[in-house]
Structures are given as structure tokens and as C-alpha cells.
Amino acid sequence: MNKGLNMQVNVSDERKFNRLITAVSIVIPVVVAILFGVKIPNVEPLSFLPPIYATINGVTAVLLLVAVWAIKNGNEKLHQNLMTTNIVLSLMFLVMYIAYHMTSDSTSFGGEGVIRYVYYFILITHIVLSIALIPLVLRTYTMAYLKKFEDHRTLAKYTFPVWLYVAVTGVVVYLMISPYYVY
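Residues numbered from 1 in each chain as written. Predicted model: local features only at pLDDT ≥ 70, side-chain atom pairs only at ≥ 80, totals over all residues. Heavy atoms only, no water.

Q: Just checking my understanding: could you explain the packing of helix 4 (residues 114–145) against helix 5 (residues 149–177) for this structure?
A: The description of two helices packed together rests on the angle between their axes and the distance between the axes. At a minimum axis separation of 7 Å, helix 4 and helix 5 run at an interaxial angle of 150 degrees. Taken together, the axes of helix 4 and helix 5 lie roughly antiparallel to each other. For the pair helix 4 and helix 5, the crossing hand works out as left-handed. Looking at side-chain class alone, the contact of helix 4 with helix 5 contains 23 nonpolar, eight polar and two charged residues. (Axes fitted to C-alpha atoms, helices over the stretch in contact; angles between N-to-C directions. Helix = DSSP H or I, 4+ residues; strand = E, 2+ residues; numbered from the N terminus. Parallel < 35°, antiparallel > 145°, perpendicular 65-115°, else oblique. Left-handed = near helix turned anticlockwise from the far one by under 90°. Nonpolar A, V, L, I, M, F, W, Y, C, P; charged D, E, K, R; others polar.)

Pasting the structure below:
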């Protein structure tokens, strides 16, 4: 009987999390898009932020790889701590990204020829996948939280490469556009 009760609580919790994940996955991109167009008047541009949030992307990529290594070697606690750290880093990135764009004009990529197409391909896939990543990360994390480890592993097989791509391409986009920043 107790196991049945735990199963009902688990299903109820999962439904609540799914509703929250859906809401957050819609609200974050919409709010970012709205705030991207808002400029705070009479403030100094936060032009020091792009290298910081690019570094956060790089650290996230490394920590994702270490987290996979940790879980493959049976260190569940280290894996959990690293993944929680990655979520915190992602939130820090998001806050800095919004703050930068609310205080600074967007920087145009100045490259020409094929490199321009490469840059925009990387940028567009980075943006699209970063939006898709929100529900993937939240759902994968929720499955671990609910101790549904088989579902967690199944989702993580998709979440990990997408998250790694977004983290790495965040660094690449920064490196490609950094010569065109106005400081």
C-alpha cells in the first residue's frame, strides 16, 4: 500500500513539475526576447560582460564533461553537484546576457564571405537549441529529483549533447564576434 501511495505522489509531483517546466520553457524565451529590445537609459554599457558569460559557457562545457565522467565512474554525488552547478551557471549566464543587451547596442558581425555564413549558422543553431534546451534540462533534472533514473538516463542522452553544443558554440560565437565589439 505504501508503495502505491508513493507512486501516486510521484505521478502527482511529476504532473506539477511538467506544468511548471512548460510555463518556464515558454516564459523565459518570451521575456528574454522582450528584454532584448529594452534599453535602460542613462546607464553605462556593461561591455565587460561578454567575456565573462563566454567564460561561463566554457566552464559549463567542461563541467558537463566532468559530470558525465563522474556518473560513468559511479560518483552520483559529484555528478549531481556538477549538474546543479551547471544550472546555476546557466542562470548566471542568462542574467548577464540580458543585462548586457539592456545596456548595450547589439554588435554586428563584421566578417565577410563564407565565414559570415558559418557565423550565422553557428549563432542561429546556438539560439534555437538554447531555447529547446530549457525544457530538456528541467525535465532531465526533474527525473533525477523524482528518482526516476531510467527516464533520467534516457533524457540525458539527448540533453547532454544539446547542452554541450550550446555551451561550446556560445564560446565560439563570442570568439568570432569579439573583434567587432566596441569598448
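Q: Can you help me understand the nonpolar core in this one?
A: Soluble globular proteins tend to pack their nonpolar side chains together in the buried interior. Counting 28 residues, the largest nonpolar core has Tyr-53, Tyr-119, Leu-133, Trp-163 and Tyr-181 as its most contacted members. Where this core is concerned, the elements lending two or more residues are helix 2 (49–72), helix 3 (76–103), helix 4 and helix 5. Not counting residues up to four positions away in its chain, the partners in contact with Tyr-53 are Phe-93, Met-96, Tyr-97, Tyr-100, His-101 and Tyr-181. (Core = buried A, V, L, I, M, F, W, Y, C linked by side-chain atoms within 4.5 Å. Buried < 20%, exposed > 50% of the residue type's maximum accessible area, 1.4 Å probe, protein only. Contact = heavy atoms within 4.5 Å.)

Q: Is there a simple way to think about the packing of aromatic side chains in this case?
A: Think of a pair of aromatic rings as described by two things: how far the centres are apart, and how the planes are tilted against each other in angle. Inspection of the entire model under this criterion finds ten aromatic pairs. A centroid spacing of 5.6 Å and a plane angle of 20 degrees characterise the contact between Phe-93 and Tyr-97, whose relative ring orientation is stacked. Here Phe-93 pairs with Tyr-97, and both are found in helix 3, just four residues apart, close to one helical turn. Note on Phe-93: relative accessible area 16%, which makes it buried. Given a relative accessible area of 22%, Tyr-97 falls into the partly exposed group. With a centroid separation of 4.1 Å and 5 degrees between ring planes, the pair formed by Phe-109 and Tyr-119 is classed as stacked. Residue Phe-109 is located in the loop between helix 3 and helix 4, and its partner Tyr-119 is located in helix 4; the two are separated by ten residues in the primary sequence. (Phe/Tyr/Trp six-rings, centres within 6.5 Å; stacked < 30°, edge-to-face > 60°.)

Q: Can you help me understand the environment of Ser-106 in this one?
A: In this structure, Ser-106 sits in the loop between helix 3 and helix 4. The class of Ser-106 is partly exposed, set by a relative accessible area of 43%. Distance in space between the C-alpha atoms of Ser-106 and Val-95 is 16 Å, their sequence separation being eleven residues. Discounting chain neighbours no more than four positions away, the residues touching Ser-106 are Phe-36 and His-101.

Q: How should the environment of Asp-13 be read in this particular structure?
A: One can find Asp-13 in helix 1 (residues 2–36). Once the C-alpha coordinates of Asp-13 and Ile-71 are considered, the two residues, 58 residues apart in sequence, prove to be 25 Å apart.

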